[in-house]
Amino acid sequence: MPYGPHTDDDRTRMLTALGLSSVDELFDDIPEALRAFPLDLPPPEPEQELAARLRSLAARNRTDLVSFLGAGVYRHWSPPAVDQLLLRGEWYTAYTPYQPEVSQGTLQSIYEYQSLMAELLDMDIVSASHYDGAAATAEAALMTCRATRRDRVLISRGVHPHYRDTVATYFKGGLELDEIPLVTDGEAAGTTDMAALEAMLADTDRPVAGVVAANPDFLGLLEPMPRIAGLAHDAGALFVAVVEPVSLAVLAPPGSYGADIAAGEGQPLGIAPQYGGPYLGILASTEALVRQIPGRLVGMTRDLDGQRAFVMTLRAREQDIRRDKAASNICTNQALLALAASIYLATIGPHGLRDVAAIGAARAAELESALAGVGIRRLHPGPYLNEFAVEVPRALAVHRRLLGAGFLAGLALAEAEPADPTLADALLVCATEVTTSDEIARFARAIADAVAETAGVAGGTRR
Amino acid sequence: MSVTGPRLQPTIFERSRPGRGGGKIPHPPAGALDRIPADARRATRPALPEMNEPDVVRHYVNLSQLNFAVDTGFYPLGSCTMKFNPKLNEWAARLRGFAELHPMVPDEAAQGTLQVLWELEEALAEISGMAAVTLQPAAGAQGELTGILMIRAYHRERGDADRTEVLVPDSSHGTNPATASMAGYTTITIPSAPDGGVDVDAFRAALGPRTAAVMITNPSTLGLFEARIGELLDAVHDVGALAYMDGANLNAILGRFRPGEAGFDVMHFNVHKTFSTPHGGGGPGAGPVGAREHLLPYLPTPRILRADDGTYRLERAAERPSSIGRMRSFIGNTGVLVRAYAYIRAHGAAGLREVSDDAVLAANYLKHRLAGTFDLPYDRPCKHEFVASASSIKQATGIRTLDIAKRLIDFGFHPPTIYFPLTVDEGMLIEPTETESLETIDAFADALIAIAEEAATDPQVIRDAPHSAPVRRLDEATAARQPNLRWRPMAGAETPCPD
């Protein structure tokens, strides 16, 4: 075993102390019929060879592509200070701070994370972290049911399709989830259909616990969040805002438009894409909902000598105390990623964060105009921040062809939203501060070529 | 600051000085945000701290030094398997090809990661005796929810909709009953027998046509192998219910017992326990779920598929209509799973069996060392962990397990898990793991024995412990009564910065 300390002599000493001749005797309580045969696994690999294997597997991934892909996961510059600090063993090899006297580092860092997010979201209560944006959204939806004692939630089709799927899975225990359609044409195309929402809320036989909408929405568009909040509250429902944290440097925060709960994906705050995780589920609420919010909370207190210190608190919400009456089953969360987000925010500061959002917006506008220059236009007229959908004939084939040319041409929306005919020939593209003007110019030329080249290929282009 | 002077740190808000920082991000062109409608924009700026990089680094380095961690010392936190976290795995997860890969790239751009994940699924299936594995769940608790929702879907698809109950032993992790509730089930708690196992008679009496599932941790949270497991699983299946195994304690039985082969229908793995991925101060973990053949239609979507030509792809949304759906945004905590993959490749079959052998041997040896000083309510061989109790010490001296735990800190050790399972009076759940040397284990036993003696001779020093930690015991009552959960800027108050 590569990391074990025991010499044969150590093992003999332990066995002798126990009066045993073989370690096998310690497994005598496993019924004979149920004992395992030797496992069929590849042989152990020395570290040097394993390192070479891992390096070659990593190299098989195409991370060399010029990327315009966002769709909920965004590339940003993360100052090296973030990862170098994360590599300190005192952070990443500790566990949940059950013993506060020897965990003040983790506890203070979580308190600071809660405080940073509270500022950014303009919300009072921030949980110490959830698994990711989708799981946090699902927990937010469950919170609305507990708090209102109703069992129906409305979720806008403008929320990321994977988040909608996740909420639907979490609701399989007996709660109802209905989707609010998006406007199909006109100035508000691609945003939540307010008339439909109003009609759904008016069904008094099926009272609504919560309304969930995202800003920017999955298609990159800005939603009328204050109006959605107003309609939800008029019907006695809570409002859940799904937000992207970097955008909050420049966009109105959930607290400003009356969101009761905010959920979101913290990955853009200095966390690498890593093919899906680990990420950071952000979950926040108003003070009124503090006893409904699931997950760890850290509070400030004092020790016996009066020194300021931090401790996990309001634990009566949690599974290890309340068991089947707990607010959620969550135990292990994403503390290290909350730390990463905090270090990122501390390192780039409020001005840096605003610059990240503003440059992303500027680069996206540049992308819009470069694409328009080759005849590729936006699908929706409404305002966006740094991501938008464009109409591209034979979008799937174009996307595929561009991959061969070294470009990740955003997301082919037909794959993400197959049920929406308005998105059949569209790509969702985004830009951030790491997107360069040169990449944008080359992409515009390449997409024009790809559209032209695919024109001759009739049918059969769908993957 | 850490070697001399005060150890506690000001908050980043107190360290902030307007005008500090900058130089990280280029300046945006003027008017970059003009096209955003005024009513959609932020009106007031968030009061985030302004710091320069040296201050940030010092803050987080100094804070880190207030933590106990596996890298700093022995961390026998029962039920959590705080084993060494290999450094190769940290390096591997940070390789650019793994770290920079977007989760929505076309499958052909992700072949390296997909291969790692597929091979990891295969290895976990082999280790557990399950037919297939999903890597999607982000942690053990999410794995439990995945498994119980799969069981729910299984019963419903068979038209068996009247099953409303999940049976859970009273010694179980709190996540088990909490999971059952989240999945819409009522929890029925089963008492433990005097020998620490499930009370078979009570178990049989509770089973019936309303039972959807039972959730069993094996070895149990008392560190004991459920010797009648075959009998229990037969009883479960006889009434048409399914058996979920909480795999938190898999570190004891690698290569010795395969839950799927023994009759468990579905289980989760905690890769942050058994397969050495770091605990991160409370996460991230990963909680893959393995299932037997009859539950495969219900596994979360998407699964990873391997074609005959050796290429990999993600399953499409409608490909498996009975799936419970998605548990999270993307395919899994991939960065964590790469580490687990490296761990399993480094060990192979023989190495993994040695992991369990050494973990179990170390736990039994440590238990033996404490016999006579602490109560050992279950006096039979344990697996990778065991429960000791300070019940007699408390009766004789008034010193509680909590006090002993705090005193251990002064001896340089992280306390074990205390007051869990809830079924043992003054219990401490001790898990040494296989990566701690005999010298460390002996030193820990010596410390506990010394504290037990101190309880008789100088109890006050224990009650006042810890003496050497950065802070003393905390006022948790006030923290809960008047919660202060976020920093509030204090107008006009200039807080001195200690460095």
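Residues numbered from 1 in each chain as written. Chains lettered and ligands numbered in written order. Predicted model: local features only at pLDDT ≥ 70, side-chain atom pairs only at ≥ 80, totals over all residues.

Moving on to the packing of helix α6 (residues 133-148) of chain A against helix α7 (residues 161-170) of chain A. Think of two packed helices as two axes; the pair is described by the angle between the axes and how far apart they sit. Residues and elements named next belong to chain A. α7 packs onto α6 with a crossing angle of 45 degrees between their chain directions and a minimal axis gap of 8 Å. Classified by the angle their axes make, α6 and α7 are oblique. Crossing angle aside, the handedness with which α6 passes α7 is right-handed. In this structure, α6 contributes G133, A134, A135, T137, A138, A141 and L142 to the contact, and α7 contributes H162, Y163, T166, V167 and Y170. (Axes fitted to C-alpha atoms, helices over the stretch in contact; angles between N-to-C directions. Helix = DSSP H or I, 4+ residues; strand = E, 2+ residues; numbered from the N terminus. Parallel < 35°, antiparallel > 145°, perpendicular 65-115°, else oblique. Left-handed = near helix turned anticlockwise from the far one by under 90°. Contact = placed C-beta atoms within 7 Å.)

All names here are of chain B. As for its placement among the helices and strands, L124 is situated in helix α5 (residues 111-128). Between the alpha carbons of L124 and T301 there is a distance of 18 Å; along the sequence they are 177 residues apart. In contact with L124, not counting residues within four places along its chain, are V133, F269, P288 and G290.

Cis geometry marks the peptide bond from G277(A) to P278(A); its omega dihedral reads 5 degrees. Within the fold, P278(A) resides in the loop between β7 (261-265) and β8 (281-285). Note that the residue after A465(B), namely P466(B), is joined by a cis bond; omega there is 0 degrees. Tracing the backbone shows P466(B) in the loop between α15 (459-463) and α16 (476-481). For Y275(A), which is not glycine, the phi torsion reads 50 degrees and is therefore positive. Locating Y275(A) in the fold gives a position in the loop between β7 and β8. In this structure, R323(A) is a non-glycine residue whose phi angle is positive, near 50 degrees. Mapped onto the secondary structure, R323(A) falls in the loop between α10 (319-322) and α11 (335-373).

Let's shift gears to the domain arrangement of chain A. Interfaces are often sized by the amount of accessible area the parts lose when they come together. All names here are of chain A. Considered domain by domain, chain A is made up of domain 1 (66-73 + 349-455) and domain 2 (81-344). Between domain 1 and domain 2, the C-alpha centre-to-centre distance is 28 Å. Contacts between the two partners involve 21 residues from domain 1, matched on the other side by 22 residues from domain 2. Element by element, the count of residues in the side of domain 1 that touches domain 2 is highest for α11, at 5 residues. Of the residues assigned to the side of domain 1 that touches domain 2, the class counts are 14 nonpolar, 4 polar and 3 charged. (Domains from an automatic or database assignment. Nonpolar A, V, L, I, M, F, W, Y, C, P; charged D, E, K, R; others polar.)

What follows deals with helix α9 (residues 229-238) of chain B. All names here are of chain B. For α9, the set of buried residues is I229, L232, L233 and V236. Here the buried residues of α9 occupy an arc of 95 degrees about the axis, which is enough to place them on one side. Facing away from the buried side of α9 by more than 90 degrees, the exposed set consists of D234 and D238. Those residues of α9 that are buried are in contact with α8 (200-206), β4 (211-217), β5 (242-247) and α10 (259-262). Positive phi shows up at G240, right after α9, with a value of about 85 degrees. (Buried ≥ 20, exposed ≤ 12 C-beta atoms within 10 Å, placed from the backbone. Arc of directions from axis to C-beta.)

Let's shift gears to the sheet that holds strand β11 (residues 387-391) of chain A. All names here are of chain A. If you walk across this open sheet you meet the 3 strands as β11-β14-β13, and the pairing is antiparallel. In this open sheet, the two strands that pair with only one neighbour each are β11 and β13 (411-412). Here 2 bridges tie β13 to strand β14 (residues 426-430), and the two strands are oriented antiparallel to one another. The residue bridging L411 from the neighbouring strand is L428, located in β14. Contacts from α11 reach β11 and β14 within the one sheet, and its direction differs from that of β11 by about 10 degrees. (Pairing = 2+ DSSP bridges.)

Further remarks concern the pairing of strand β10 (residues 308-312) of chain A. Along a regular strand, successive side chains alternate from one face of the sheet to the other. All names here are of chain A. Here β10 lies mainly inside the structure; 4 of its 5 residues are buried. Sheet topology note: the strand β9 (residues 298-302)/β10 ladder contains 5 bridges and is antiparallel. The residue of β10 that forms the bridge with M300 is F310. Where β9 hands over to β10, the hairpin turn is made up of 5 residues, of which G306 adopts a positive phi near 85 degrees.

For the rest of this paragraph, the subject is the interface of chain B and chain A. Across the boundary between the two partners, chain B contributes 173 residues, which contact 167 residues of chain A. With 22 residues, helix α11 (residues 334-370) of chain B is the single largest residue contributor to the side of chain B that touches chain A. The class makeup of the residues in the side of chain B that touches chain A is 93 nonpolar, 49 polar and 31 charged.

This part covers the sheet that holds strand β11 (residues 417-418) of chain B. Residue and element names in this part refer to chain B. Taken in spatial order, the 3 strands line up as β10-β12-β11 in an open sheet, and their pairing is antiparallel. The sheet is open, and its two edges are formed by β10 (386-389) and β11, each paired on a single side. Across 4 bridges, β10 lies against strand β12 (residues 427-430) in antiparallel orientation. Looking at β12, one finds that A388 is bridged to M428.

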